[in-house]
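Below are the chains, spelled out letter by letter.
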Amino acid sequence: MTNSIKIITDALKKVLKDEQVTINTTVRELHGRDESYHAQQLPDIVVFPESTQDVSNVMIVSKEHQIPVIPFGLGSSLEGHVIPLKGGITIDFSLMNQILDVKENDFLVKVQPGVTRTQLNQRLKKHGLFFSVDPGADATLGGMAATNASGTTSVKYGVMRDQVRDLEVVMADGTIIHTGNLAAKSASGYHLNGLFVGSEGTLGCFTELTLLVHGIPEHITAARASFPTINDAVEAVVSILQAGIPIARVELVDEPSMKQTNIYSETNYIEKPTLFLEFHGNEAGLKSDVDFTTMIVADHHCEGIEFETDNAGRNRLWEARHNLAYAFIHGYPGKKMMVTDVCLPISELAGAVEYARETVHELGLIGGIVGHVGDGNFHVLLMMDMNDSEEIAKADDLNERIVMYALERGGTCTGEHGVGIGKQKYQEREHGTALLVMEKIKRALDPDNLLNPNKIVKLD
Ligand SMILES: Cc1cc2nc3c(=O)[nH]c(=O)nc-3n(C[C@H](O)[C@H](O)[C@H](O)COP(=O)(O)OP(=O)(O)OC[C@H]3O[C@@H](n4cnc5c(N)ncnc54)[C@H](O)[C@@H]3O)c2cc1C
């Protein structure tokens, strides 16, 4: 341990309990990477705050000693978000994991940032409520707000930014602010909720979140519809959306991904490009949505649609979809996963998915395509040998080509995973001079560049 790290550790132990501060190598290793292929780098110190005041105290020590801080939820992000590029103090929020209030009548909950989405849903069940955002991995609500996460239900309920009513944020100098209120709408002041959600730990640490929750639908039906081509499947989705059917989930899983799903999840689904669908509503409405969808998919050469109406079948289906990344990881031992993540206007989606598929084939890479296609968002899951520099270069090339294709058509370089390290090089191309505005905001709120430095915007 260097002298300065010893001094900072001692300073932290003056404002936190001894057991809340560690320089243990194993703990630092666990906080030096996320679920991505980006190279690990260790923080110097890891702290485990128990309160907002603890976080504020850590920020004051960080400012005094000019050492970076990196907020950490569960480390499930996919673009190197939590990797401490300049070392520093990682703030692990796992001890701030209390559900503080369930305001049933207002459809709101107040939680600490370390609460996970599954923990929250478990608690909400008894109130007949659920929290809608479901990224594949379990994740903390603080981390999900910081990455503006979304998932399979965003086509109906919206993304993380749509669920946040208020954040308590500890700023770089230790001051504590609230970004919103409990009202359903407000025309007051700048939209700070919008700014802080998706800020990836670069503008402040979230210490409390007030989130919108929804009533558990009266009836739920899920279905699998298989198609001869990806194009048919994507065009069916466009028609479903154009028809105004309030679909709750619509996920594309291509042929290689269906194969991995069957192996990993021990299912025997048809190994063709498939849409996983879900409908929420009352019995009458649901019947008409399902009938209309069945007609639409038939027009797009659907080769078979199978419904899952009971809980067990539905859970099996969505578990299989959520476990897809792990199905690839287990299917290719020794390889590492790289996930692309673009989002385009829905009218451009079919072309983009086809382009991605052709490019994967042209470059001779191994991977599957999956997507939250109702939002125009899709991923290529690539399995790479990290010792094969040629293969890594090809994967980077693929990623770049897919991003450029999306940007040229009014899309974005990341629909949901965020910028982290991996998507930083596309920020100027995507935002142009607006990136300078983002840099000014970062400098104004974090003048010493101590909060997760050099993520999203690179100041040095
Ligand atoms: C198999 C798999 C599938 C996935 N599928 C999806 C998907 O469908 N959709 C999707 O959106 N994502 C998906 N992800 C990505 C991932 O789950 C999200 O990025 C998640 O939102 C991060 O939450 P976390 O708690 O793990 O945060 P971390 O990874 O720990 O942190 C993420 C970022 O948030 C910041 N942060 C964490 N806590 C706070 C806080 N309290 N205050 C301020 N900043 C904070 C960190 O500094 C970092 O920049 C997937 C990941 C995996 C592994």
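Above this text is the structure in question.
First things first, this report covers the structure right here in the doc. (Residues numbered from 1 in each chain as written. Predicted model: local features only at pLDDT ≥ 70, side-chain atom pairs only at ≥ 80, totals over all residues. Heavy atoms only, no water.)

Comments concerning the packing of aromatic side chains
Enumeration over the complete set of coordinates arrives at five aromatic pairs. Both rings, one in Phe276 and one in Trp318, keep their centres 6.1 Å apart while their planes meet at 75°; by these two values the pair is edge-to-face. Taken together, the residues span a long stretch of sequence, with Phe276 in strand 14 (residues 274-281) and Trp318 in helix 12 (residues 311-322) at a distance of 42 residues. What makes Phe276 buried here is its relative accessible area of 1%. (Phe/Tyr/Trp six-rings, centres within 6.5 Å; stacked < 30°, edge-to-face > 60°. Helix = DSSP H or I, 4+ residues; strand = E, 2+ residues; numbered from the N terminus. Buried < 20%, exposed > 50% of the residue type's maximum accessible area, 1.4 Å probe, protein only.)

Comments concerning the sheet that holds strand 10 (residues 205-212)
Across a sheet, strands are paired by hydrogen bonds formed along the backbone, either parallel or antiparallel in direction. The five strands lie next to each other as 5-6-10-8-9, forming an open sheet whose pairing is antiparallel. Both edges of this open sheet fall to strand 5 (99-103) and strand 9 (176-178), since each of them pairs with a single strand only. Averaged over all pairs of adjacent strands, the angle between strand axes in this sheet comes to 10°, irrespective of strand direction. Bridge analysis of strand 6 (residues 108-111) against strand 10 gives four bridges, and the strand direction is antiparallel. Residue Lys110 lies in a different strand from strand 10, and its bridge partner there is Thr210. Of the strands in this sheet, strand 8 (164-170), strand 9 and strand 10 are in contact with helix 3 (residues 52-65), which crosses strand 8 at around 50°. Docked against the sheet, helix 4 (residues 117-124) engages strand 5 and strand 6, running at close to 45° with respect to strand 5. (Pairing = 2+ DSSP bridges. Axes fitted to C-alpha atoms, helices over the stretch in contact; angles between N-to-C directions. Contact = heavy atoms within 4.5 Å.)

Focus on the pairing of strand 3 (residues 69-72)
Side-chain alternation along strand 3 places Val69 and Pro71 on one buried face and Ile70 and Phe72 on a second face that is also buried. For strand 3 and strand 4 (residues 89-92), the ladder comprises four bridges, and the chain directions are parallel. Residue pairing in the sheet places Pro71 in a bridge with Ile91 of strand 4.

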